[in-house]
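Now for the letters of each chain:
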Amino acid sequence: MKYRLFIICLMGVLTAFSACGQYPETENSLDKKVKSFLEKNASEWRDMNVPLTDGKILYDIIVKNGYTSAVEIGTSTGHSAIWIAWALSKTGGKLITIEIDKTRYLQAKANFRKAGVSKYIDVRLADAHELVPQLKGEYDFVFCDADKYWYKNYFIAMDPKLKKGACFTAHNTAARINGIGEFLRYVENLDSYETTIDQSSRAGISKSFKK
């Protein structure tokens, strides 16, 4: 009994240590506010949100490459958008994130405010099938996590708007199902992009860098 209790306690400590190691270093008051919010709500992100590890992957891509103009297709209640916006606070950028469901849209807006990242996010209640092709300007980062069968169409719509060196990322690409296979075959055969799958994500995050 004592041995089992020891193992349970040890696993709890290791889990907590691992989670702490996945957050960026805090350098200012915004960092502390965002991290505190994410830690407080770590077990609450359901409803099609990405896990903590995947949020950190997106953060790292943006910070490492100095991206400043981002689009997210599929906000849900805002977990990934908070990670993206946190990264953009480091680069001086801003995110446009699109959600079709009003309830999730309103919850995301509330979460952005609580996390302190609202100024870095332009959240839009819209059908991404219609809005993405209408977006004006140039972008250097995209995170696609909406209807899987439409991934290829989202990519085709965003491609002309992406700068050289930009990265188009897509979630749940570990399994080539529900249109994801078609999307991956398409981007992997483009000479103008270099595509890999981030294996540190259990769900799979494809990363397509524009040459």
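Check the entry above for the structure.
Residues numbered from 1 in each chain as written. Predicted model: local features only at pLDDT ≥ 70, side-chain atom pairs only at ≥ 80, totals over all residues. Heavy atoms only, no water.

Q: Looking at this model, I keep getting lost on the sheet that holds strand β7 (residues 205–210). Mind explaining?
A: Either a parallel or an antiparallel arrangement is found when strands of a sheet pair, and the pairing is made through backbone hydrogen bonds. Taken in spatial order, the 7 strands of this open sheet run β3-β2-β1-β4-β5-β7-β6, and their pairing is mixed. One side of each edge strand has no neighbouring strand; the edge strands of this open sheet are β3 (121–125) and β6 (193–198). Neighbour to neighbour, the strand axes of the sheet diverge by 15° on average, direction disregarded. Of the strand pairs in this sheet, strand β1 (residues 69–73) and strand β4 (residues 139–144) are connected by 4 bridges, and their pairing is parallel. (Pairing = 2+ DSSP bridges. Helix = DSSP H or I, 4+ residues; strand = E, 2+ residues; numbered from the N terminus. Axes fitted to C-alpha atoms, helices over the stretch in contact; angles between N-to-C directions.)

Q: Even after reading the chapter, I still don't get the packing of helix α2 (residues 29–40) against helix α4 (residues 79–91), so can you show me in this structure?
A: Packed helix pairs are specified by the crossing angle of their axes together with the interaxial distance, meaning the distance between the axes. Contact geometry of α2 with α4 gives a least axis separation of 11 Å together with a crossing angle of 165°. One finds that α2 runs roughly antiparallel with respect to α4. For α2 against α4, the interelement crossing comes out left-handed. Facing Leu30, Asp31, Val34, Lys35, Phe37 and Leu38 of α2, the residues of α4 in contact are His79, Ile82, Trp83, Trp86, Ser89 and Lys90. (Parallel < 35°, antiparallel > 145°, perpendicular 65-115°, else oblique. Left-handed = near helix turned anticlockwise from the far one by under 90°. Contact = heavy atoms within 4.5 Å.)

Q: Looking at this structure, I do not really get the packing of helix α3 (residues 52–65) against α4. What am I missing?
A: The geometry of α3 relative to α4 is characterised by a closest axis approach of 8 Å and an angle of 25° between their N-to-C directions. The orientation of α3 relative to α4 falls into the category roughly parallel. Note on packing geometry: the crossing formed by α3 with α4 is right-handed. Contacts from Leu52, Gly55, Lys56, Leu58, Tyr59, Ile62 and Val63 of α3 reach α4 at His79, Ser80, Trp83, Ile84, Trp86, Ala87, Leu88, Lys90 and Thr91. Here the contact of α3 with α4 is built from residues that sort into 10 nonpolar, 4 polar and 2 charged. (Nonpolar A, V, L, I, M, F, W, Y, C, P; charged D, E, K, R; others polar.)

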